[in-house]
Amino acid sequence: LEPFTDYSVRVSAVTSQGEGNRSDPVSARTKQAAPSDEPSNVRISNVTVDTMVISWTPPSQPNGIIQGYTVHYGNSSMLVGDQTEVILEGLEGDTEYPVRVQACSGAVENPCGPLSPEENVRTKIGIPGIPRNLKVAFDEYQEKVHILWDPPVPRNAHDITYTIEYYREDDDQVFIKETTETELLLDKSVVNCR
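These numbers were taken from a predicted model, which means no experiment stands behind them.

**Some remarks on the state of the cysteines**
All chains considered together, the criterion is met by one disulfide. Here Cys104 connects covalently by a disulfide to Cys112, the sulfurs 1.9 Å from one another. Of note, the bridge from Cys104 to Cys112 carries an S-S torsion of about 95° and is right-handed in sense. Overall, the relative accessible area of 11% leaves Cys104 in the buried class.

**A closer look at the nonpolar core**
Soluble, globular proteins show a tendency: their nonpolar side chains are buried together. Core analysis: the biggest nonpolar cluster contains 18 residues, and Met52, Ile54, Trp56, Val71 and Leu88 have the highest contact counts within it. Listing elements by their share of this core, those giving two or more residues are strand 6 (52-57), strand 7 (68-73), strand 9 (85-88) and strand 10 (96-104). Counting residues per element, this core draws most heavily on strand 10, which supplies four residues. Among residues more than four places away in sequence, those in contact with Leu88 are Asp50, Thr51, Met52, Ile54, Val71, Tyr73 and Met78. By size, the runner-up hydrophobic cluster in this structure holds ten residues, among which are Val145, Trp149, Leu184 and Leu186.

**Examining the layout of surface pockets**
Considering only enclosed or pocket space, the largest pocket measures out at about 290 Å³ in volume. At the level of secondary structure, the elements contributing two or more residues to the lining of the largest pocket comprise strand 13 (132-139), strand 14 (144-150) and strand 15 (162-167). Counting residues per element, the lining of the largest pocket draws most heavily on strand 15, at six residues. Looking at side-chain class alone, the lining of the largest pocket contains 13 nonpolar, one polar and one charged residues.

How each quantity is defined
- Residues numbered from 1 in each chain as written.
- Predicted model: local features only at pLDDT ≥ 70, side-chain atom pairs only at ≥ 80, totals over all residues.
- Heavy atoms only, no water.
- Disulfide = S-S within 2.5 Å.
- Buried < 20%, exposed > 50% of the residue type's maximum accessible area, 1.4 Å probe, protein only.
- Core = buried A, V, L, I, M, F, W, Y, C linked by side-chain atoms within 4.5 Å.
- Helix = DSSP H or I, 4+ residues; strand = E, 2+ residues; numbered from the N terminus.
- Contact = heavy atoms within 4.5 Å.
- 1 Å grid on protein atoms, 1.4 Å probe; cavity = no way out; pocket = protein on both sides within 12 Å on 5 of 7 lines; lining within 4 Å.
- Points joined across faces, edges and corners; volume = space filled by probe spheres on them.
- Nonpolar A, V, L, I, M, F, W, Y, C, P; charged D, E, K, R; others polar.

Have a look at this one:
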């Protein structure tokens, strides 16, 4: 029998002399089951640094009433109602997200069907946040200044260049160094070390 399908049943008795009259039909519907197929036509649009729109077509064999969808993206997932479009927010810039959609019916046990094929999308590069936990340590023995920090949150890009500005307090000259690392060693003579 097919899930979530109306069937009519009639019964008759049969002997060696033949079949008797059939009963009046009685109708019944089978229980809901998980969808047999996945949502199709998964589309990703309006991709920004931290958002994207995901839309899809419901499964062709829902085997019941679709109660909602689960959208899987990266290491996260979002439960949505029975709508077929959602805006994902709070994403990280310049990050690839694998996206899959799964439909769930009103079945009591195992209500969710198969996942849609994976669609990969990369968010756009954005402006990074402020580098965190800036620390400066003076090494008297090597006559070096060790500057270190943690990457910004959000990063919004895989490749980040850090610009470090430093100056002596008794001089107006500003020095600028660039690095892709989260630390820098400077000669102590160019920095005021009081």
